[in-house]
Amino acid sequence: MPSYKAPVDDTLFLLNDVLNFQQFGSLPGFADVTPDVAAQILSEAGKLCEEVLTPLNQSGDAVGCTRKPDASVAAPPGFKAAFDAYAQGGWIGLPVPEEYGGQGLPYTLTMPMSEFASSANMAFAMYPGLTQGALAALLTHGSDEQKRLYAPKMTEGRWTGTMNLTEPQCGTDLGLLTTKAVPRADGSYSITGQKIFISAGEHDLAENIIHLVLARIEGAPAGVKGISLFIVPKILVNPDGSLGARNGVACGSIEEKMGIHGNATCVMNYDGAQGFLVGEANRGLNAMFVMMNEARLGVAVQGLSQSEVAYQNAVAYARERLQGRALTGPKNPGKNADPIIVHPDIRRMLLEIRSFNEAARGLALAAALDSDIAHRSDDPAARQAAEDRLGLLTPVLKGVFTDVGFDNAVKAQQVFGGHGYIREWGMEQFVRDARIAMIYEGANGIQALDLVGRKLPRDGGRAIMAYFKDSAEFLGSLSGDEAMKPFVTPAQSALGDLQKATMWLMQNAMAKPDNAGAASYDYMHLFGRVALGLMWVRIARAAIEKKAREPDAAAWMDAKLTTARFYMERMLPETSLRLARISTGADTMMSLPEDMF
């Protein structure tokens with residue numbers, strides 16, 4: 001059975017030494033999170049994920065979810081007890097304000113728990129993860145009465161949450177949505193329609209499920225401007241918070257899918273179900289985007305999580321598996337073969353994965369920190385800058401982390417050779433589970449279009465110009481440090497490639513929109529390589545400083561510096577390839593007649 005060890009020490013190094021988490025102590029919820037408190041929280045999180053969630057991952061995949069004749073759904077054996085432990089530990093409510101039963105702690109501490117849980121058991125982690133996303137939408141756009149009625153029990157884990165967007169004819173293009181909402185005399189609405197691909201849509205882990213559903217009120221404008229958001233509980237809730245009658249919503253079927261079998265991905269049928277408007281009518285996408293943006297960061301972390309757990313198991317196998325001899329002579333003369341970790345190509349795969357994982361974790365934590373600043377700071381300029389960075393980088397993180405996460409799961413499987421193809425080793429499950437992250441919450445091609453078409457030109461290009469300015473100043477401040485030269489020089493070159501690609505888009509996309517579409521995917525990955533490279537510069541600087549300050553940490557920091565050099569030498573040069581592709585434009589891509597495909 002695969003194993004998993006939560007990367008607690010690495011996460012603490014990133015928080016304390018790289019991101020300087022303690023300097024944000026003036027933000028609400030940060031003051032009490034000393035390094036010791038953060039270490040305690042993350043250690044407990046890791047323990048739960050290692051000891052409770054990991055053992056259920058393979059069995060949950062093998063058994064899956066079961067729909068019963070009454071349309072109820074049973075989660076895999078052990079999931080209910082694990083969910084109770086997760087909820088009772090307060091993990092769902094970690095970032096929720098105390099007035100709703102949460103702990104009011106920084107979202108920056110929720111991000112590591114999301115990674116640990118997804119690495120341990122991605123299908124399971126989606127149940128609390130979706131609940132946190134629904135909570136975020138309700139706390140931002142719900143009325144005071146809705147917050148009072150729903151938030152405490154969702155925080156407690158007695159109720160869970162979902163998001164219902166997709167319909168059979170309507171995925172990315174939500175303007176095609178047909179689920180309708182008919183006003184009732186009491187101010188609520190009757191919701192009728194069908195939603196598909198609804199993660200955690202029905203299960204037996206909690207006593208109620210609070211569905212957030214996009215629908216169109218009768219007479220509303222066509223397209224996305226006429227979409228509203230509704231709370232549609234599985235079981236109606238009385239004014240005093242007690243449960244009432246069963247609502248008109250049911251699971252029609254469970255999707256038969258490639259991976260994440262332990263999560264109930266449902267077809268949900270709404271037959272005049274009672275729903276309650278969230279926020280303003282016809283402004284539902286604004287409310288749902290709170291949940292969608294948080295979900296996109298969560299899915300980005302899923303890409304990292306599968307890369308991490310696959311890497312850990314590939315390393316363990318590479319140390320133990322004896323095959324062949326090292327090219328430079330036997331390294332294990334007492335045995336008839338050397339462990340495969342001595343072979344350069346095995347090390348190539350492992351270092352490609354590791355050099356992504358460590359920098360991606362840093363970027364995810366930095367994004368979470370920006371979310372905290374945007375929501376908690378009383379400095380308007382700091383809030384605006386954080387919102388700009390977060391908006392710019394969210395599609396990059398979602399698209400790049402999940403693409404690379406899947407590729408890395410495949411590389412880790414390759415390390416196992418034939419055993420990687422056999423179910424008992426667990427590697428094929430990581431590959432299958434990782435694949436969905438590239439598709440849901442906005443397929444990665446859509447993330448690339450969002451980046452190029454919306455995020456770059458937004459507010460006159462304010463976010464990308466600030467990114468270039470801040471990055472250039474950061475690298476310039478280190479250019480005189482000889483020890484940092486192996487990291488700074490490649491990063492400056494790669495940043496230059498990103499600037500050239502951005503300029504090319506500015507000059508060629510307006511007059512010919514297909515140029516933007518043709519360039520978008522390569523631009524997203526170019527941006528991702530640069531962002532990961534800049535994070536490695538930050539990590540390298542912190543590692544050099546920590547090594548000088550704490551001699552006992554020298555070996556650990558040297559490993560980070562070696563990994564950073566590998567990234568700069570072997571991974572970052574990809575930016576020039578991406579730039580060359582972008583610069584070819586769309587002509588050839590769009591010239592082949594449809595009937596010739």
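See above for the structure.
Residues numbered from 1 in each chain as written. Predicted model: local features only at pLDDT ≥ 70, side-chain atom pairs only at ≥ 80, totals over all residues. Heavy atoms only, no water.

Trainee: Before we go on, may I ask you to explain the overall build of the protein chain in this structure?
Mentor: On a plain count of helices and strands, the protein chain comes out with 17 helices and 11 strands. Here the C-alpha radius of gyration of the protein chain, 24 Å, is about what a compact globule of 597 residues would show, namely 25 Å. Overall size of the protein chain, expressed as C-alpha extent along the three principal axes, is 80 × 60 × 60 Å. Residues counted as buried form 57% of the 597 residues belonging to the protein chain. Total accessible area computed for the protein chain in this model is approximately 24400 Å², and 54% of it derives from carbon and sulfur atoms. One finds the centroid of the 55 positive side-chain charges in the protein chain at a distance of 3 Å from the centroid of its 66 negative side-chain charges. (Helix = DSSP H or I, 4+ residues; strand = E, 2+ residues; numbered from the N terminus. Rg over C-alpha atoms; globule rule 2.2 N^0.38 Å. Buried < 20%, exposed > 50% of the residue type's maximum accessible area, 1.4 Å probe, protein only. Areas by Shrake-Rupley, 256 points an atom, 1.4 Å probe, with all protein chains shown as cover. Lys, Arg positive; Asp, Glu negative; His and termini not counted. Charge placed at Lys NZ, Arg CZ, Asp CG, Glu CD.)

Trainee: Just checking my understanding: could you explain the pattern of salt bridges for this structure?
Mentor: Two side chains of opposite charge can pair, provided their charged atoms sit close to one another. One pass over the full model with this rule turns up 36 salt bridges. One salt bridge connects E358 with K560, and the closest N-O pair in it is separated by 2.8 Å. Note that E358 is positioned in helix 8 (residues 344-376) and K560 in helix 15 (residues 554-571), a separation of 202 residues in sequence. E358 sits in the buried class, given a relative accessible area of 8%. For K560, a relative accessible area of 2% translates into the label buried. K547 serves as the salt-bridge partner of D558, at 2.6 Å between the closest nitrogen and oxygen. Here D558, found in helix 15, pairs with K547, found in helix 14 (residues 513-549); they are 11 residues apart in sequence, far enough to count as distant. (Salt bridge = Lys/Arg side-chain N within 4 Å of Asp/Glu carboxyl O.)

Trainee: So what exactly am I meant to see when it comes to a nonpolar patch on the surface here?
Mentor: Residues Y421, I422 and W425 make up a contiguous nonpolar surface patch of roughly 350 Å² in combined accessible area. As for its position among the elements, I422 is in the loop between helix 9 (380-415) and helix 10 (427-436). (Patch = residues over 30% accessible without salt bridge, like charges linked within 9 Å, V, L, I, M, F, W, Y side chains within 5 Å.)

Trainee: Would you mind going over unusual backbone geometry with me for this structure?
Mentor: Leaving glycine aside, a negative phi is the common case for residues, and trans is the common case for peptide bonds. In the Ramachandran plot, F197 falls in the positive-phi region, its phi being about 60° despite a non-glycine side chain. Mapped onto the fold, F197 is located in strand 5 (residues 189-199). With a phi close to 40°, I260 is a non-glycine residue in the positive phi region.

Trainee: Explanation requested: the nonpolar core in the structure shown.
Mentor: The nonpolar side chains of a soluble globular protein tend to be buried with one another. Grouped together as the largest cluster of nonpolar side chains are 191 residues, with contacts concentrated most on Y467, Y523, F527 and V537. In this structure V537 touches F474, L475, L478, M484, F487, V488, A491 and M568, once residues within four positions along its chain are discounted. Judged by nonpolar contacts, the second largest core, of 7 residues, contains A123, M126, V299 and A437. (Core = buried A, V, L, I, M, F, W, Y, C linked by side-chain atoms within 4.5 Å. Contact = heavy atoms within 4.5 Å.)

Trainee: Could you clarify how one ought to interpret the packing of helix 11 (residues 444-455) against helix 14 in this entry?
Mentor: Between helix 11 and helix 14, the shortest axis-to-axis distance is 8 Å and the interhelical angle comes to 95°. It follows that helix 11 is roughly perpendicular to helix 14 by the angle criterion. Contacts between helix 11 and helix 14 pair N444, Q447, A448, L449, L451 and V452 from the former with A516, G517, S520, Y521, Y523, M524 and F527 from the latter. (Axes fitted to C-alpha atoms, helices over the stretch in contact; angles between N-to-C directions. Parallel < 35°, antiparallel > 145°, perpendicular 65-115°, else oblique.)

Trainee: Whenever I open this one, the packing of aromatic side chains confuses me. Can you help?
Mentor: The geometry of an aromatic ring pair comes down to the distance between the two centres and the angle between the two planes. According to the stated counting rule, one finds 13 aromatic pairs in the structure shown. Measuring from ring centre to ring centre gives 5.0 Å for Y189 and F230, while their planes differ by 65°; the resulting arrangement is edge-to-face. Of this pair, Y189 sits in strand 5 while F230 is found in strand 7 (residues 228-233), placing the two residues 41 residues apart along the sequence. What links up through ring pairs into an aromatic cluster is the set F79, F83, Y86 and F124. Over the ring of F406 we find R435; its NZ or CZ atom is 5.6 Å from the centre of that ring. (Phe/Tyr/Trp six-rings, centres within 6.5 Å; stacked < 30°, edge-to-face > 60°. Lys NZ or Arg CZ within 6 Å of the ring centre and 35° of its normal.)

Trainee: It is not clear to me how helix 14 should be interpreted in this structure. Could you clarify?
Mentor: An α-helical segment advances 3.6 residues per turn. Residues three or four places apart therefore align on the same side. With 37 residues, helix 14 extends 53 Å between its outermost C-alpha atoms, agreeing within 8% with the 54 Å of an ideal straight helix rising 1.5 Å per residue. At S520, helix 14 shows its maximal bend, which comes to roughly 45°. The element helix 14 is largely enclosed, with a buried count of 26 among its 37 residues. (Expected span 1.5 Å × (residues − 1). Bend = angle between axes of the 7 residues up to and from the residue.)

Trainee: Before we go on, may I ask you to explain the packing of helix 8 against helix 14 in this structure?
Mentor: The angle between the axes and the distance between the axes are what describe a pair of packed helices. Between helix 8 and helix 14, the shortest axis-to-axis distance is 9 Å and the interhelical angle comes to 90°. Relative to helix 14, helix 8 is oriented roughly perpendicular. Contacts between helix 8 and helix 14 involve R354, S355, F356, E358, A359, A360, G362, L363 and A366 from the first element and A531, L532, M535, W536 and I539 from the second.

Trainee: Quick question: what am I supposed to make of the side chain of K153 here?
Mentor: Here K153 is to be found in helix 6 (residues 144-156). Of the side chains with opposite charge, E207 comes closest to the buried, unpaired K153, at an N-O distance of 6.2 Å. If we ignore the near neighbours within four places in the chain, the residues touching K153 are R158, W159 and G241.

Trainee: In this structure, what is going on with the pairing of strand 6 (residues 208-217)? I would like to understand it.
Mentor: As a general feature of sheets, a regular strand has side chains that alternate between the two faces. Most of strand 6 sits inside the fold, with 10 of its 10 residues counted as buried. Where burial is concerned, the two faces of strand 6 agree: the one with N208, I210, L212, L214 and R216 and the one with I209, H211, V213, A215 and I217 are both buried. Pairing of strand 4 (residues 180-183) with strand 6, which is carried by 2 bridges, proceeds in the parallel orientation. Its bridge partner lying in strand 6, A181 is registered against I217. Pairing of strand 6 with strand 7, which is carried by 6 bridges, proceeds in the antiparallel orientation. Bridge pairing links L214 to L229 in strand 7. (Pairing = 2+ DSSP bridges.)

Fair warning: the whole summary comes from geometry, so function is off the table for now.
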